[in-house]
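# Working through the structure, step by step
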Amino acid sequence: FIDIVGLSDPTMSTDTQTSKIKALNKCIENCKTFSNETGQKLILPTGDGMVIGFVGGLTQPLDLAIDLQKEIEVYNSDKVDLDKVNARIGCHSGNVFQVEDILGNLNLWGPGIILARRVMDIGDGGHILITSDMAESLMEISPKYKEILHPLHDYKIKHEQKILIYSAHGDGFGNEKLPSKGLVYPKDNPLSSG
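Predicted model, so just to flag it, every value in this text is computed and none were measured.

## So, the packing of aromatic side chains
Counted by the stated rule, this structure contains one aromatic pair. Between Phe97 and Trp109 the ring centres are 6.2 Å apart and the planes differ by 25 degrees, which places this aromatic pair in the stacked class. You can see Phe97 sitting in strand 5 (residues 97–100) and its partner Trp109 sitting in strand 6 (residues 106–109), a full 12 residues away along the chain.

Structure below.
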């Protein structure tokens, strides 16, 4: 689940908002992980972002998130602050179902999307946040994920549910700072750092 941070700012012109949405879409299109998985993904635009579900495996969502943040960094390199795209990403592996909306168009729904959205909502700009189930599965696949996935304890999501999430960050991607929303314990508590 991806969205642009701060896009609903009422002081931002609709032209600027629209150009940021177009820029995000172009950055995603430029990602090798996105273009190499033709036919193996489900996409649902959400206005200021989108849901991308991969059918073929567990590594693609995180690989795309990393690719995307690098593409956004390149895009932002020659932009003034107002025109920069600042995105946050939430990842989860879980069930997603294709359903028809009231107009007969394809829509996506399910726990996979719902939890990815709730994890993303915790994040600030630049965060790639991942559920513990997905992070632990990724770390079983390859030791490279142990180097970039960092646990963040005790974050609260909807319905007062407390969860362990992971932050993905490394050279040129992610946000090393603790997310500012949903932290259960004060920032000086040892349980709240990765």
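What follows picks up the thread again.
## Observations regarding the pattern of salt bridges
Using the criterion set out here, one finds seven salt bridges in the structure. For Asp3, the salt bridge identified is with Arg88, shortest N-O distance 2.8 Å. A residue pair is termed long-range when its members are at least 10 positions apart, and Asp3 in strand 1 (residues 2–4) and Arg88 in strand 4 (residues 87–91) qualify at 85 residues. The two residues Asp3 and Arg88 agree in class, both being buried. Where Asp121 meets Arg88, a salt bridge forms, and the shortest distance between an N and an O atom there is 3.5 Å. Residue Asp121 is located in helix 4 (residues 111–122), and its partner Arg88 is located in strand 4; the two are separated by 33 residues in the primary sequence. It is possible to trace a salt-bridge network through shared partners that takes in Asp3, Arg88, Arg117 and Asp121.

## Here's the deal with the sheet that holds strand 2 (residues 41–45)
Taken in spatial order, the seven strands of this open sheet run 2-3-1-4-7-9-8, and their pairing is mixed. The strands lining the two open edges of the sheet, one partner per strand, are strand 2 and strand 8 (149–156). Here the strands of the sheet are splayed against their neighbours by 25 degrees on average, with no regard to which way each runs. The sheet contact formed by strand 1 and strand 3 (residues 49–54) spans two bridges and is antiparallel. Its bridge partner lying in strand 3, Ile2 is registered against Met50. With respect to the sheet, helix 1 (residues 14–30) is in contact with strand 1 and strand 3, its orientation differing from that of strand 1 by roughly 145 degrees. The sheet strands contacting helix 5 (residues 132–141) are strand 4, strand 7 (128–131), strand 8 and strand 9 (162–168), and the helix crosses strand 7 at an angle near 90 degrees.

## Side note on the side chain of Gln69
Considering the arrangement of structural elements, one finds Gln69 in helix 3 (residues 60–76). At 3.0 Å, the side chain of Gln69 and the backbone oxygen of Gly126 are in polar contact. With residues up to four places along the chain from it excluded, the contact list for Gln69 reads Ala87, Ile89, Gly126, His127, Ile128, Phe173 and Gly174.

## What about the packing of helix 1 against helix 3?
In contact at an axis separation of 9 Å, helix 1 and helix 3 are set at 125 degrees when each is read in the N-to-C sense. Accordingly, the angle class assigned to the pair helix 1 and helix 3 is oblique. In the packing of helix 1 onto helix 3, the handedness of the crossing is right-handed. Seen from helix 1, the contacting residues are Ala23, Leu24, Cys27, Ile28 and Asn30; seen from helix 3, they are Leu68, Glu71, Ile72 and Tyr75.

About the thresholds
Residues numbered from 1 in each chain as written. Predicted model: local features only at pLDDT ≥ 70, side-chain atom pairs only at ≥ 80, totals over all residues. Heavy atoms only, no water. Phe/Tyr/Trp six-rings, centres within 6.5 Å; stacked < 30°, edge-to-face > 60°. Helix = DSSP H or I, 4+ residues; strand = E, 2+ residues; numbered from the N terminus. Salt bridge = Lys/Arg side-chain N within 4 Å of Asp/Glu carboxyl O. Buried < 20%, exposed > 50% of the residue type's maximum accessible area, 1.4 Å probe, protein only. Pairing = 2+ DSSP bridges. Axes fitted to C-alpha atoms, helices over the stretch in contact; angles between N-to-C directions. Contact = heavy atoms within 4.5 Å. Polar contact = N/O pair within 3.5 Å; in protein donor to acceptor, adjacent residues only side chain to side chain. Parallel < 35°, antiparallel > 145°, perpendicular 65-115°, else oblique. Left-handed = near helix turned anticlockwise from the far one by under 90°.

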